Amino acid sequence: MRIDQIKLCHLRMPLKSPFETSFGRILHRDCILIIINSNGVSGYGECVADRDPGYSYETSGTAMHILKDFFLPLLVGKEIQDGVDLQRRLAFARGHPMAKSGLEMAIWDLTGKLQGKSFKDLLGGVSDQVSVGVSIGIQRTTQDLVESVSGFISQGYGRIKIKIKPDRDIVDTFEVRKAFPDLLLQVDANSAYTLESAKVLKPLDNLNLLMIEQPLDEDDLWDHSKLQPQFRTPLCLDESILSLRHARQAIEMGACRIINIKMGRVGGLSEAIKIHNYCHKWAVPVWCGGMLETGVGRAANLALASLPGFSLPGDISATDRYYEQDIITHRYTLNPNSTIDLPTGPGLGVELDLKALKSFSISEIEIRA
Ligand code: OSB
Ligand code: MG
C-alpha cells in the first residue's frame, strides 16, 4: 500500500475517575491517534504513551517528536507491504516502542480493510469474545477500595487487579480477600519494591492470588529471578518485558511464571504475537495488559487477546469503566460471563466519532506525500 498521508492527533481525555498507581495519579489520559491514508482508505493506530514518564520513559510528547521528526518523513509517499515491513524501516531507531506500535497498528488496520479481514482473522484469533477483568487504582482508604471492588463485581467483572505500593499493600489486599474469599484476585506493584523491601509482601503468598505483577524495577530481571523462588504465588512481568528476547530470558532464568503482553510496551503487534507464540509453545500463561486505551487501542487488544495462548483474563474493561465519552461510535460492554465481544468489521472494526475526537485534540500534525 502506498502511504499518501499521515495525521497525528494528540488527545487528552478526561477519565471518569482518577487512576492511581505506585508511579502516580492519572486524571486525564493522553495518547496519540494515528491516521494513515492509502488510496482513500484510513487506518487507525493508537500510541499509548502517557503525558508523564511514570510507567515508561516514553511520553506523548516524546512520541509526537519521534513520529513527526523521524518516522513520518520516512513513510509518507512510500510503498509499505505490512507491519513487518514497517518495523524493518523503523529498526534504525533505538527504543520508542509505543511510537512504533501506534504506527504498526494503523498499518494492520489498513491491511485488514484492504483485504476485507477483521483483526482477529488477520492475527489468527480463535474466539469471538475474550475474558476480561478490571484494574483498580489505589483508593483513598482501604474501605473505599473494598467498596470499589464490590461495585465492579456487581457489574459482572470476574477478575480484579488491585494496585499496591509500600504501606498500601498488605492491609488492602487482606481486606479485599477477606470480603471476597473466592474472587480471582491479583496485585500490581508497578516496580515499587526492591529485592530487600519486597520481603514485606511475603504474607500475600497465603492469599491465593493469581499473581503478583512487577514487584521490582523494570531493568531488573536478575533480582526477579531471586524473588520468584521465595514465593509460591507466580510473579508476572509487565514493565520488564520489552521484547521476545526479554520474555525468553525471564522464563529461562525463572524471573516470572506469567507474562503480561502489551503491544505498546513491546514495540508493536508483531513483537506481541512473537511473545505470545513463544509463551504458548512453552506453556507459560499470558494475558493482555491495558493502558487505559481508547476504543481504537481496545479493539486491537481484544483481537490480540483472542489468540489461543491468552489463558488469563485481560485488563480490557468496558468503555464505561474509563470514559464518559470515547472517540469511537461503539461502546464496549461487559457480558454477564465477564467477557467482551470482539468487533467484527474489517480491520479494527471501529468507526471514529469525529466530534468527540475534535473535542479531545490538543494538537494535530498532518504530513502528505
Ligand atoms: O501497570 O498495567 C499497568 C494503566 C496504565 C499504565 C500501566 C498499567 C495500567 C493498568 C490499567 O493497570 C489497565 C487498563 O485497564 O487499561
Ligand atoms: Mg502492570
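Preceding this section is the structure that the text describes.
Just so you know, these numbers come straight off a predicted model, no measurement behind them.

Colleague: Describe the overall build of the protein, naming the residues involved and giving the relevant values.
Modeller: Within the protein, the secondary structure is distributed over 11 helices and 13 strands. At 20 Å, the protein has a C-alpha radius of gyration in line with the 21 Å of a compact globule built from 369 residues. Counting only C-alpha atoms, the protein reaches 60 × 40 × 35 Å along its principal axes. A buried classification covers 60% of the 369 residues belonging to the protein. Put simply, the protein shows about 14,700 Å² of open surface, and 52% of that area lies on carbon and sulfur atoms. In the protein, 41 side chains carry a positive charge and 45 a negative one; their mean positions are 2 Å apart.

Colleague: So what about the coordination of the magnesium ion (ligand 2)? Which residues, and what values?
Modeller: Taken together, the protein ligands of the magnesium ion (ligand 2) are D188 (OD), E213 (OE) and D238 (OD), with distances of 2.1 to 2.3 Å. Read in sequence order, the donor residues for the magnesium ion (ligand 2) give the motif D-x24-E-x24-D. Linking D188 in strand 7 (residues 184–188) with D238 in the loop between strand 9 (235–237) and helix 8 (244–252), this pair joins segments that are 50 residues apart in sequence. Overall, D238 belongs to the buried group, its relative accessible area being 0%.

Colleague: So what about the packing of helix 1 (residues 60–75) against helix 3 (residues 97–115)? Which residues, and what values?
Modeller: Axis separation between helix 1 and helix 3 bottoms out at 10 Å; the angle between their running directions is 50°. The angle between helix 1 and helix 3 places the two elements in the oblique class. Crossing of helix 1 against helix 3: the hand is right-handed. In contact with A63, I66, L67, F71, L72 and L75 of helix 1, helix 3 contributes A99, K100 and L103. In terms of residue class, the contact of helix 1 with helix 3 is built from 8 nonpolar, no polar and 1 charged.

Colleague: Tell me about the packing of aromatic side chains, and name the residues and values.
Modeller: Enumeration over the complete set of coordinates arrives at 6 aromatic pairs. With a centroid separation of 6.2 Å and 55° between ring planes, the pair formed by F23 and Y55 is classed as tilted. Residue F23 is found in the loop between strand 1 (5–21) and strand 2 (24–38), and its partner Y55 is found in the loop between strand 3 (41–47) and helix 1; the two are separated by 32 residues along the sequence. What makes F23 partly exposed here is its relative accessible area of 28%. Here the aromatic rings of Y278 and W282 are separated by 6.4 Å at their centres, their planes lie at 50°, and the arrangement is tilted. Directly above the ring of W287 sits R159, whose terminal nitrogen or CZ lies 5.5 Å from the centroid. Over the face of the ring belonging to F231 we find K202, whose NZ or CZ atom lies 5.0 Å from the ring centre.

Colleague: Talk me through the pattern of salt bridges; I want residue IDs and the actual numbers.
Modeller: Counted by the stated rule, this structure contains 29 salt bridges. In this structure, the salt-bridge partner of K178 is E175, at a minimum N-O distance of 3.5 Å. Here K178 and its partner E175 are both found in helix 6 (residues 170–179), 3 residues apart, which amounts to about one turn of the helix. Beyond isolated ion pairs, a larger network of salt bridges with shared partners links R159, K161, K163, D188, E213 and D315.

Colleague: Give me the nonpolar core: which residues, what numbers.
Modeller: Within the largest apolar cluster, 89 residues are counted, with the highest numbers of intra-cluster contacts made by L33, L123, I160, V296 and L304. Of the residues forming this core, the biggest block, 6 residues, is contributed by helix 10 (residues 295–304). Here this core spans two domains, and each of domain 1 (5–116 + 350–368) and domain 2 (121–341) adds at least three residues to it. Discounting chain neighbours no more than four positions away, the residues touching L123 are W108, L269, I273, A303, L304 and L307. By size, the runner-up hydrophobic cluster in this structure holds 30 residues, among which are V76, L90, L103 and I107.

Colleague: Explain the environment of T329 to me, and be specific about the residues and the numbers.
Modeller: Checked against the element boundaries, T329 lands in the loop between helix 10 and strand 12 (339–341). The spacing of T329 and D169 is 160 residues in sequence and 38 Å in space, taken between C-alpha atoms. Apart from residues no more than four positions distant in its own chain, T329 is found in contact with E351, L352 and D353.

Colleague: Can you break down the pairing of strand 2 residue by residue, with the values?
Modeller: Of all 15 residues in strand 2, 11 are buried, a share of seventy percent or more. Pairing of strand 1 with strand 2 involves 13 bridges; the strand directions are antiparallel. By the bridge assignment, R12 is partnered in strand 2 with D30. Hairpin connection from strand 1 to strand 2: 2 residues lie between these consecutive antiparallel strands. The antiparallel hairpin formed by strand 2 and strand 3 contains 2 residues in its connecting segment, where N39 sits at a positive phi of about 55°.

Cut-offs used in this document
Residues numbered from 1 in each chain as written. Chains lettered and ligands numbered in written order. Predicted model: local features only at pLDDT ≥ 70, side-chain atom pairs only at ≥ 80, totals over all residues. Heavy atoms only, no water. Helix = DSSP H or I, 4+ residues; strand = E, 2+ residues; numbered from the N terminus. Rg over C-alpha atoms; globule rule 2.2 N^0.38 Å. Buried < 20%, exposed > 50% of the residue type's maximum accessible area, 1.4 Å probe, protein only. Areas by Shrake-Rupley, 256 points an atom, 1.4 Å probe, with all protein chains shown as cover. Lys, Arg positive; Asp, Glu negative; His and termini not counted. Charge placed at Lys NZ, Arg CZ, Asp CG, Glu CD. Donors = N, O, S within 2.8 Å, 3.2 Å for Na, K, Ca; no water. Axes fitted to C-alpha atoms, helices over the stretch in contact; angles between N-to-C directions. Parallel < 35°, antiparallel > 145°, perpendicular 65-115°, else oblique. Left-handed = near helix turned anticlockwise from the far one by under 90°. Contact = heavy atoms within 4.5 Å. Nonpolar A, V, L, I, M, F, W, Y, C, P; charged D, E, K, R; others polar. Phe/Tyr/Trp six-rings, centres within 6.5 Å; stacked < 30°, edge-to-face > 60°. Lys NZ or Arg CZ within 6 Å of the ring centre and 35° of its normal. Salt bridge = Lys/Arg side-chain N within 4 Å of Asp/Glu carboxyl O. Core = buried A, V, L, I, M, F, W, Y, C linked by side-chain atoms within 4.5 Å. Domains from an automatic or database assignment. Pairing = 2+ DSSP bridges.

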